[in-house]
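Reading the structure
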Amino acid sequence: MSINWFPGHMAKARRQIEESLKKVDVVIEILDARIPYASKNPMLDHVIGDKPRVVVLNKKDMANNKETDRWINRLKAEGVYPIALNGKEPNVLKKIENTVVEATKEIFERMERKGINPRAIRAMIVGIPNVGKSTIINNIAKRKVAKTGNTPGVTKAQQWIKAGTKMELLDTPGVLWPKFEDESIGQKLSLTGAIKDNVVNLDDIAIFALKFMQEHHLDALKQFYNINIDENTEIVEIFDAIGQSRGFKMSGNEIDYERVTERVIYDTRDAKIGRFTFDLAEGAE
Ligand code: G4P
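Residues numbered from 1 in each chain as written. Predicted model: local features only at pLDDT ≥ 70, side-chain atom pairs only at ≥ 80, totals over all residues. Heavy atoms only, no water.

**Considerations on the domain arrangement of the protein**
You can read the domains of the protein as domain 1 (7-175) and domain 2 (201-269). Computed from C-alpha coordinates alone, the two centres of domain 1 and domain 2 are separated by 37 Å. (Domains from an automatic or database assignment.)

Written out as structure tokens, the structure is:
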């Protein structure tokens, strides 16, 4: 489901998330492990303040393992509690619980020293559309909680759900807007499915994907499409090679560039060509 984010939606989302934040001890921010920088909402840092934050690099099964490790180290150095997950796997609850306990240890120790009775750790999940928030909540809750859809902010009737023995989770995630100020960020968001294809130029997305693979994953690209190219091949020639190899032709034997474009986008998005991380931990701001 795509949202057109208008300023009013953004203000509402921010307000609702600020309200929910008052109820929780810890925030679980979900990012896409393939684009940990591009899938971050720019405003969240301001509203979270110094509340403990667990950062989930979700969809790790589609990202590059080495790059995910680098991101984990980088995020640790930034003072948050990172964890890489495949949100569909059965061990998600345990992993999140362990990290949430670690992130809130000091708060609960302080409460204990003051003689306050121990209670469950309260958490909420936030993130931009399509990073896997509902998948993770359903997985943790061991049931299908109401699909909120990707409506901005959070819906009003929130309930606590028991998550394991130590944690309670708000059953509706906070939905935040994606970054849209920069073209290359938009291309990464599109390439991973975080924003819909009708808001971007598909040719640009396919060109971006091909250039990225040509520079960083040439062998995977050559092998997957069975094409003979090198690091200096012009992009249009790569389109031609893929069209030839896949038999994407129009009448008159012309290459059907539209089909090549679509194929490249889908194959990259579904991690069929390889597991790529488009935001490198070194260099992303
Ligand atoms: P959202 O609430 O943040 O908007 O995201 P949601 O959970 O709806 O997940 C978006 C898509 O990402 C879903 O696929 C979901 O299955 C997939 N997904 C979530 N976590 C992971 C993960 O760790 N690895 C992989 N490979 N995929 C993940 P979909 O195609 O929209 O739906 P469906 O195929 O599940 O029906």
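**Comments concerning the site of the ligand**
Lining the immediate environment of the ligand, one finds 17 residues, of which Asp-61, Gly-87, Lys-133, Ser-134 and Thr-135 sit closest. At 3.0 Å, a side-chain N or O of Lys-59 approaches an oxygen atom of the ligand. Notes on the ligand: free accessible area 710 Å², of which the protein chains cover 66%. Per element, the largest residue contribution to the shell around the ligand is 3 residues, and it comes from helix H6 (residues 133-141). Of the residues belonging to the shell around the ligand, the class tally is 4 nonpolar, 8 polar and 5 charged. (Near = heavy atom within 4 Å. Polar contact = N/O pair within 3.5 Å; in protein donor to acceptor, adjacent residues only side chain to side chain. Areas by Shrake-Rupley, 256 points an atom, 1.4 Å probe, with all protein chains shown as cover. Helix = DSSP H or I, 4+ residues; strand = E, 2+ residues; numbered from the N terminus. Nonpolar A, V, L, I, M, F, W, Y, C, P; charged D, E, K, R; others polar.)

**Quick look at the side chain of Lys-133**
Secondary-structure assignment places Lys-133 in helix H6. For the buried residue Lys-133, which engages in no salt bridge, the nearest side chain bearing the opposite charge is Asp-32, 11 Å off. A distance of 2.7 Å separates the side chain of Lys-133 from the backbone oxygen of Ile-128, its partner in a polar contact. (Buried < 20%, exposed > 50% of the residue type's maximum accessible area, 1.4 Å probe, protein only. Lys, Arg positive; Asp, Glu negative; His and termini not counted. Salt bridge = Lys/Arg side-chain N within 4 Å of Asp/Glu carboxyl O.)

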